[in-house]
Amino acid sequence: MHSRKNPLPPVVLGLEAGCCPDPASGRHLIYGRVFKNASDKDGNHHSAGHLREVPWVAIAPVVTAIRVLERIVPDGGLLFDAAVHAFQNAPAAPAASIRPHSLRGRIEAFAAWASSLARRLGRDHEVVPDDRHGAIGLARFRRTLAWHIARRPGGLVAPAIQYGHMRTAMSAGYAARGRDGIHELLDIETARATADTLTTLHDDLTNGVGISGPAARRAIHAAAQAPTFAGSIRTHRQARDILRNPALTVYNNPRAFLMCVYNRDRALCHRLDVTDAPRLDRCQPSCTNIARTDSHADQLRQHAQALEKQAASEAVPDPLADRLTRRAGHLLALADRHEHDCIHLQEPTS
Ligand code: SF4
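Quantities reported herein were computed from a predicted structural model and do not represent experimental measurements.

Across its full length, the protein chain holds 11 helices and eight strands. For the protein chain, the proportion of contacts with a sequence separation of at least 24, taken over those separated by at least 6, is 62%. When the accessible surface of the protein chain is totalled, it reaches about 20300 Å², and 54% of it is carbon and sulfur.

Okay, here's the thing in structure tokens:
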């Protein structure tokens, strides 16, 4: 029923209308089915799977997407029901989920729709550009998703954020066995992001850039190893070797204006989770895994300036303006602390 090359995992393809009820209070939860090892008390395999014991927390854009799908498919039907989603005349098996060729068509149709909307609204810079490699296709779509999850934690791509949550919840971390499909791609993209972060840090330190924060010394040590693996991550095995090396686990976190020099025992983002990966989307400012470079300090100042400008606008109500001003002051204080505390390996070149 599910192709291995499908970019959506079986647990997502098996979601049904009604899987995300409106809660009386608190967050929306998604109730899905698992298919692997699903069997009854006599050990017979359950092809319909069984309900996952632990639901996922759904972020708002994902709840909206589910509501849209629920208006498309019949009550209680699969959200990705092939019979509803495939426009081709080929009859689909009953209760089968969407197949890769239909998804491929949907991805291309979405890109065309987004481009025409951007043109209609005069936002030509948001048109999806023509691609010399041809149609986006499923494999590249998966890699794009993996890239966003690895490099834009808490970023703009809602499915990537949601997938990031699911990834943490589903896996026991980078040491988990039996990783496949999107998880392997995620490992490779995460390892590449780590390698890029370390290579940039190595070059910056060599050029006299300053570094501060409780984890600055560990970051310097990790950066010293960057030249040995830069550009060499092609296979899952190579990615795993990097991700399992505790001396190399450095992640850029642009949204929090810092680098996470991950040490599981000191991490404040997931005290109770069983995971070997940081929750960059839940980064805590008092964590001792934090390091900052001059470029993070520059970004802090730029963001503070933008917030102050916003706060000065007459259109912004006073309570919000106060909040923005306080936030700007906090960011400026962090940048000032960096200036005060930062250390240099080399004399700055300028
Ligand atoms: S809280 Fe600490 S371990 Fe978690 S992401 Fe932030 S710096 Fe990393």
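On to the packing of helix H5 (residues 137-151) against helix H7 (residues 182-206), then. Axis angle and axis distance: for two packed helices, these are the angle between their axes and the distance between the axes, and together they describe the pair. Following both chains from N to C, one finds H5 and H7 inclined at 50°, their axes separated by 8 Å at the closest point. Classed by the angle they form, the pair H5 and H7 counts as oblique. Of the two elements, H5 crosses H7, and the hand of that crossing is right-handed. Residues Arg142, Arg143, Leu145, Ala146, Trp147, Ile149, Ala150 and Arg151 of H5 pack against Ile182, Leu185, Leu186, Glu189, Thr190, Arg192, Ala193 and Asp196 of H7. Tallied by class, the residues present in the contact of H5 with H7 amount to nine nonpolar, one polar and six charged.

Right, let's talk about the packing of helix H4 (residues 100-120) against H5 for a bit. As a packed pair, H4 and H5 sit with axes 9 Å apart at the nearest point and diverge in direction by 65°. Classified by the angle their axes make, H4 and H5 are roughly perpendicular. Where H4 crosses over H5, the handedness of that crossing is left-handed. In this structure, H4 contributes Pro100, Leu103, Arg104, Ile107 and Glu108 to the contact, and H5 contributes Gly137, Leu138 and Phe141. Across the contact of H4 with H5, the residue classes tally to five nonpolar, one polar and two charged.

Residues in contact with the ligand, as listed here, are Cys260, Tyr262, Ala267, Cys269, Pro278, Arg279, Leu280, Cys283, Gln284, Cys287, Asn289 and Ile290. Partitioned by chemical class, the residues of the shell around the ligand number nine nonpolar, two polar and one charged.

Looking now at the side chain of Thr194. Looking at where Thr194 falls in the secondary structure, it is placed in helix H7. The residues contacting Thr194, other than those within four sequence positions of it, are Ile242, Leu248, Val250 and Tyr251.

Turning our eyes to something else, we now look at the sheet that holds strand E5 (residues 211-212). A sheet is described by the order of its strands in space; here four strands give the open sequence E5-E8-E7-E6, paired in antiparallel fashion. Two strands bound the open sheet, and with one partner strand each, they are E5 and strand E6 (250-253). Looking at chain direction, strand E7 (residues 258-261) and strand E8 (residues 290-293) are connected through two bridges and run antiparallel. Opposite Cys260, over in E8, you have Ile290 as the bridge partner. Contacts from helix H10 (residues 294-312) reach E6, E7 and E8 within the one sheet, and its direction differs from that of E8 by about 85°.

Another aspect to go through is the packing of aromatic side chains. Counted according to the given criterion, the structure contains one aromatic pair. Relative to Trp113, the ring of Phe110 has its centre 5.9 Å away and its plane inclined at 35°; by these criteria the two rings are tilted. Here Phe110 pairs with Trp113, and both are found in helix H4, just three residues apart, close to one helical turn. Judged by its relative accessible area of 53%, Phe110 falls in the exposed class. Using a relative accessible area of 49% as the deciding quantity, one classes Trp113 as partly exposed.

Pairing of E6 with E7, which is carried by four bridges, proceeds in the antiparallel orientation. Note that in E7 the partner of Asn252 across the bridge is Met259. Here E6 hands over to E7 after four residues, with Phe257 in that stretch at a positive phi of 55°.

On to the nonpolar core, then. Of all hydrophobic cores here, the largest spans 29 residues; its most connected members are Leu201, Ile211 and Ala291. At the level of secondary structure, the elements contributing two or more residues to this core comprise H7, helix H8 (216-223), helix H9 (236-243), E6 and E7. Take this core: its biggest share by element is six residues, from H7. With residues up to four places along the chain from it excluded, the contact list for Ala291 reads Ile211, Ser212, Gly213, Ala215, Ala216, Ala219, Leu258, Met259, Val261 and His296.

The next point concerns H10. Relative to the 27 Å expected for 19 residues at 1.5 Å per residue, H10 spans 27 Å between its end C-alpha atoms, a close match to the ideal helical length. By the burial criterion, the buried members of H10 are His296, Ala297, Leu300, Ala304, Leu307 and Ala311. Buried residues of H10, viewed axially, fall in a sector of 100°; they line one side. Exposed side of H10, more than 90 degrees from the buried face: Gln302, Gln305, Lys309 and Ala312 are the residues found there. Taken together, the buried residues of H10 touch E6, E7, E8 and helix H11 (318-341).

A separate point is the confidence of the model for the protein chain. Predicted coordinates in areas of low pLDDT are best not read in detail. Mean pLDDT for the protein chain: 81, with 77% of residues reaching 70 or above. Note on residues 169-178: pLDDT under 50 across the span, and 25 contacts to partners over four residues away in sequence or across chains.

Of the positions making up H9, those classed as buried are His236, Ala239, Ile242 and Leu243. Projection of H9 onto a plane perpendicular to its axis shows the buried side chains occupying an angular sector of 125°, all on one side.

Under the criterion given, the structure shown has zero disulfides. Unpaired in this structure, Cys19 has its nearest cysteine sulfur neighbour in Cys20, at a distance of 5.9 Å.

Definitions and limits used
Residues numbered from 1 in each chain as written. Predicted model: local features only at pLDDT ≥ 70, side-chain atom pairs only at ≥ 80, totals over all residues. Heavy atoms only, no water. Helix = DSSP H or I, 4+ residues; strand = E, 2+ residues; numbered from the N terminus. Contact = heavy atoms within 4.5 Å. Areas by Shrake-Rupley, 256 points an atom, 1.4 Å probe, with all protein chains shown as cover. Axes fitted to C-alpha atoms, helices over the stretch in contact; angles between N-to-C directions. Parallel < 35°, antiparallel > 145°, perpendicular 65-115°, else oblique. Left-handed = near helix turned anticlockwise from the far one by under 90°. Nonpolar A, V, L, I, M, F, W, Y, C, P; charged D, E, K, R; others polar. Near = heavy atom within 4 Å. Pairing = 2+ DSSP bridges. Phe/Tyr/Trp six-rings, centres within 6.5 Å; stacked < 30°, edge-to-face > 60°. Buried < 20%, exposed > 50% of the residue type's maximum accessible area, 1.4 Å probe, protein only. Core = buried A, V, L, I, M, F, W, Y, C linked by side-chain atoms within 4.5 Å. Expected span 1.5 Å × (residues − 1). Arc of directions from axis to C-beta. pLDDT = per-residue confidence, 0-100. Disulfide = S-S within 2.5 Å.

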